[in-house]
Amino acid sequence: MIPEIGNFSLMLALALALIQGVLPIAGSFRGNARWMALARPAASGQFAFVTLAFICLVSCFVTNDFSVTYVASNSNSLLPLYYRIAGAWGGHEGSLLLWAQMLVLWTFAVAMLSRQLPDETMARVLGVMGLISVGFLCFMLFTSNPFERLLPAAADGRDLNPLLQDFGMIIHPPLLYMGYVGFSVAFAFAIAALMGGQLDAAWARWSRPWTLVAWMFLTLGIFLGSFWAYYELGWGGWWFWDAVENASFMPWLVGTALVHSLAVTEKRGSFKNWTVLLAIIAFSLSLVGTFLVRSGVLTSVHAFATDPRRGLFILIFLAVVIGGSLLLYAWRAPKVGLGGKFTVFSRESSLLINNVLLLAAAGTVLLGTLYPLFLDALDLGKISVGPPYFEAVFVPLMVPVLILMAVGPFIRWKNSSLPDLLRRLRLIALGTLLFAVLSALLYAPSPMVVLGVTCAAWILLATASHLLERLRHAAPGTPVWRRLRSQPSSYWGMLVAHAGIAVFVIGVTLVKGMETADDVSMRVGDTATAGAYLFHFTGLKDVQGPNYTATEGTFEVSRNGVKVCTLKPQKRLFTVQNMPMTEAAIDRGLTRDLYVSLGEATAPGVWVVRVQHKPFVAWIWGGCLIIALGGLLAACDRRYRMGARLRQRQAQEALQALPAEPAKLAV
């Protein structure tokens, strides 16, 4: 009964999505207020029905309803409860329902929190999001129904993929999809602006906080996926340039450019066409990522789908959405003014250069991801594009981005002076030079480490200097704490995000340039070294888990004869799928991680062991969290809240100013 309720809920949600996608948009062009007024209730109803369907699917997993094909394929009676719940989005059909759930959640939030927007704009924004929902709900109902029955019911399930039986994968997909799907809001605002032909600062101001929140969630999702791969896959790597990783990284790069471009459009009225194009590209890359993951063209630890019908459906949907939006852009964009003028040497120009570099970086990642697929599709052979390509083309594009990131805030809007800029940067440049010399003395064998540390120091010094300079000019004579509090949240967001980038760069360059690893065959009693640390293999024992058996090794780690920690890696065998898994043991620290993973037994009592010393790898994760915090701070800027309250107050005052109806005479 529960699967039937879930399936019927999805059908009702599809009907409401059609109403939401068609009538409000038509009403906005015909001036029909009743049709436009349908957008919010339709969005609310669609949210309720998709949420009900999602609850039904989770309930099927919790109760071990193996009469549902998707549950039988991705769960098992021995699976712990929390993994059974996470199994609801552990496969293709469930992850698609999670995508739809996030889409209606964003739609409902926009409907409820944007009541101050003009009726025509709101109708078009919600209408566009409704049409997107129509596509995904049709995809789910016609090709990937999570409630499809299995008759006769299976006695037990085939179990959740052991790779996904981890706490990180419980929260990673929801965070990633919140970011992925969140760019649909920026896309909807851009298309609504194109429909109305009003690409002014207002639509950028409405769209910017939503875009920042989506960008923050995508940052957290990518961070958590990288962190999961680091400790779960047993390789000790944090980024593999896997095609599915790239599918989320490309929208992040374009989204970063979009966030900065929206700021220029909002504050200076420039970049109007460019900002709309970035919004279209960011969401288009999210759809491309969906095609890559769901179509079956990829083989990855993250990819689910293998049905060609699904790939064809997504490809058609991709062509309609991207092609239609670009055609609308080509029609409307030439009729829009260029916005505020600015000189070659201005903050607008520096942001434009940064945006072009970020877009070029996303293009190189897209090329490296799709090129092997095109060759394979054309029967021209199979090739693998790996880290050497991406690092060779990506790093040279990122170095000028890092340099301009520090310089940009010091350049004035509209027109700036080079001598004035050099004067303000001279002490920063001197401090950076000092760091460059010190890093060259410490890390002379690795020029990339020197370059990375120097760029990070440049950003951190510039960030601190800009804050001090701003505080000096903010209400002289007032206490420092009051001047700190007077700075807007968006400014703090910029500083924090830029500092997070610097921390991230330090972590990446030091772990890439200074890590040590050794793969050795070891018996109990043997030792191995990584960096300055000695790993002593002291014992083995068998461990019984809820749905697996494991062999657990014990390693005593010491440095200069002093014990540092005890690590206990496992080699697990998940009994239902008979699939072996490596569970690494990690001793984490602020300046280094010690990493041990247990490989295969090559002979009785002999095991392949990988020991690693990874300096400053925690700074990668810390940098990502700091970047996400910067996005959150920028999205919480009080001017967005004050603007909403002001518009609501103006509307109320306008209503109160209307002449009152004449009193009805009593009979």
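This text follows the structure it describes.
Everything numeric in this text was worked out from a predicted model, so none of it was measured.

*Asks:* How do you make sense of the overall build of the chain when you look at a structure like this?
*Replies:* In terms of helices and strands, the chain carries 20 helices and ten strands. Here the C-alpha radius of gyration of the chain, 27 Å, is about what a compact globule of 667 residues would show, namely 26 Å. Principal axes of the C-alpha set define a box for the chain whose edges measure 100 × 75 × 60 Å. Split into buried and exposed, the 667 residues of the chain put 57% on the buried side. A sequence separation of at least 24 residues applies to 73% of the contacts in the chain between residues at least 6 apart. For the chain, the computed accessible surface area is about 29,000 Å², with 67% contributed by carbon and sulfur atoms. On the chain, the mean spot of the 50 positive side-chain charges and the mean spot of the 35 negative ones are 15 Å from each other.

*Asks:* Is there a simple way to explain the packing of helix α1 (residues 2-30) against helix α3 (residues 39-62) in this structure?
*Replies:* Relative orientation and spacing of two packed helices are given, respectively, by the angle between their axes and the distance between those axes. Running from amino to carboxyl end, α1 crosses α3 at an angle of 160°, the nearest separation of the two axes being 8 Å. Considering their axes alone, α1 and α3 lie roughly antiparallel with respect to each other. Of the two elements, α1 crosses α3, and the hand of that crossing is left-handed. The residue inventory of the contact of α1 with α3, partitioned by class, reads 19 nonpolar, six polar and no charged.

*Asks:* Where do I start with the environment of Thr516 in this structure?
*Replies:* Relative to the elements of secondary structure, Thr516 occurs in strand β1 (residues 516-522). Using a relative accessible area of 31% as the deciding quantity, one classes Thr516 as partly exposed. Taking C-alpha positions, Thr516 is 8.9 Å from Pro615, a pair spaced 99 residues apart along the chain. Not counting residues up to four positions away in its chain, the partners in contact with Thr516 are Ala530, Gly531, Val611, Gln612 and His613. A distance of 2.9 Å separates the side chain of Thr516 from the backbone nitrogen of Gly531, its partner in a polar contact.

*Asks:* Looking at this model, I keep getting lost on the packing of aromatic side chains. Mind explaining?
*Replies:* Each aromatic ring pair is described using two quantities: the centre-to-centre distance and the angle formed by the ring planes. Enumeration over the complete set of coordinates arrives at 32 aromatic pairs. Considering the side-chain rings of Tyr82 and Tyr83, the 4.6 Å spacing of their centres and the 65° angle between planes classify their relative orientation as edge-to-face. A relative accessible area of 49% places Tyr82 in the partly exposed class. Judged by its relative accessible area of 13%, Tyr83 falls in the buried class. Relative to Trp241, the ring of Trp239 has its centre 6.1 Å away and its plane inclined at 90°; by these criteria the two rings are edge-to-face. On the accessibility criterion, Trp239 (18% relative accessible area) is buried. Aromatic rings pair up to connect Trp215, Trp239, Trp241, Phe249, Trp252, Tyr389, Phe390 and Phe394 into one cluster. The ring of Trp331 is capped by Arg332, whose NZ or CZ atom sits 4.6 Å from the centre of that ring. Sitting over the face of the ring of Tyr491, Arg470 holds its NZ or CZ atom 4.0 Å from the ring centroid.

*Asks:* It is not clear to me how the sheet that holds strand β9 (residues 592-603) should be interpreted in this structure. Could you clarify?
*Replies:* Strands pair in a sheet through their backbones, by hydrogen bonds, and they do so in one of two ways: parallel or antiparallel. With antiparallel pairing, the four strands of this open sheet are ordered in space as β1-β10-β9-β8. With one partner strand each, in any of the chains shown, β1 and β8 (585-588) form the two edges of the open sheet. Averaged over all adjacent pairs, the angle separating strand axes in this sheet is 15°, with direction ignored. Of the pairings in the sheet, the one linking β8 to β9 comprises four bridges and is antiparallel in character. Residue pairing in the sheet places Ile586 in a bridge with Tyr595 of β9. Together, β8, β9 and β10 (606-615) form the strand contacts of helix α9 (residues 201-232), whose direction differs from that of β8 by roughly 120°.

*Asks:* Can you walk me through the packing of helix α14 (residues 387-407) against helix α18 (residues 489-514) in this structure?
*Replies:* Closest axis-to-axis distance for the α14/α18 pair is 12 Å, and the angle between their directions is 145°. Of the two possible hands of crossing, α14 and α18 adopt the one that is left-handed. Together, Glu391, Leu402 and Met405 of α14 and His498, Ile501, Val505 and Lys512 of α18 make up the contact between the two elements. Split by residue class, the contact of α14 with α18 holds four nonpolar, one polar and two charged.

*Asks:* Sorry, what's going on with the state of the cysteines here?
*Replies:* Every disulfide links exactly two cysteines, by a covalent bond between their sulfur atoms. Taken as a whole and assessed by the stated rule, the structure comprises zero disulfides. With no disulfide partner, Cys624 has as its closest neighbouring cysteine sulfur the one in Cys455, 17 Å distant. Note on Cys624: relative accessible area 13%, which makes it buried. With no disulfide of its own, Cys636 has Cys624 as its nearest cysteine by sulfur position, at a separation of 20 Å.

*Asks:* I keep staring at the nonpolar core and nothing clicks. Help me out?
*Replies:* Soluble globular proteins tend to pack their nonpolar side chains together in the buried interior. Counting residues in hydrophobic clusters, the biggest one holds 186 residues, and the most contacted among them are Trp106, Leu137 and Trp203. Among the elements that line this core, the one with the most residues is α9, at 20 residues. Non-local contacts of Leu137, meaning those with residues more than four positions away in its chain, are made with Leu10, Ala13, Leu14, Ala17, Gln46, Val50 and Ala100. Core analysis: the second largest hydrophobic core is formed by 18 residues, Val520, Met522, Leu567 and Val611 among them.

*Asks:* Looking at this structure, how should I read the pairing of β10?
*Replies:* Two faces, one strand: in a regular strand the side chains alternate between the faces of the sheet. Counting buried positions along β10 gives eight out of ten residues, so the element sits mostly inside the fold. Across seven bridges, β1 lies against β10 in antiparallel orientation. Bridged to Asp519 within β10 is Arg610. Here β9 hands over to β10 after two residues, with Gly605 in that stretch at a positive phi of 80°.

*Asks:* Help me out: how do you make sense of α1 in this one?
*Replies:* Every α-helix carries 3.6 residues per turn, so stepping three or four residues along brings you back to the same face. Relative to the 42 Å expected for 29 residues at 1.5 Å per residue, α1 spans 42 Å between its end C-alpha atoms, a close match to the ideal helical length. The positive-phi residue at the C-terminal boundary of α1 is Gly31, with phi of around 70°.

*Asks:* Would you explain unusual backbone geometry in this entry?
*Replies:* For the peptide bond that leads from Leu151 to Pro152, omega is -5°, which places it in the cis range. Considering the arrangement of structural elements, one finds Pro152 in the loop between α7 (119-143) and α8 (168-196). Located in the positive-phi region is Asn64, a residue other than glycine, with phi close to 55°. For Asn64, the position within the fold is in the loop between α3 and α4 (69-74). Of note in the backbone geometry, Asn578 takes a positive phi value of approximately 55° without being a glycine. On the secondary structure map, Asn578 appears in the loop between β6 (570-574) and β7 (579-583).

Rules used in this analysis
Residues numbered from 1 in each chain as written. Predicted model: local features only at pLDDT ≥ 70, side-chain atom pairs only at ≥ 80, totals over all residues. Heavy atoms only, no water. Helix = DSSP H or I, 4+ residues; strand = E, 2+ residues; numbered from the N terminus. Rg over C-alpha atoms; globule rule 2.2 N^0.38 Å. Buried < 20%, exposed > 50% of the residue type's maximum accessible area, 1.4 Å probe, protein only. Contact = heavy atoms within 4.5 Å. Areas by Shrake-Rupley, 256 points an atom, 1.4 Å probe, with all protein chains shown as cover. Lys, Arg positive; Asp, Glu negative; His and termini not counted. Charge placed at Lys NZ, Arg CZ, Asp CG, Glu CD. Axes fitted to C-alpha atoms, helices over the stretch in contact; angles between N-to-C directions. Parallel < 35°, antiparallel > 145°, perpendicular 65-115°, else oblique. Left-handed = near helix turned anticlockwise from the far one by under 90°. Nonpolar A, V, L, I, M, F, W, Y, C, P; charged D, E, K, R; others polar. Polar contact = N/O pair within 3.5 Å; in protein donor to acceptor, adjacent residues only side chain to side chain. Phe/Tyr/Trp six-rings, centres within 6.5 Å; stacked < 30°, edge-to-face > 60°. Lys NZ or Arg CZ within 6 Å of the ring centre and 35° of its normal. Pairing = 2+ DSSP bridges. Disulfide = S-S within 2.5 Å. Core = buried A, V, L, I, M, F, W, Y, C linked by side-chain atoms within 4.5 Å. Expected span 1.5 Å × (residues − 1).

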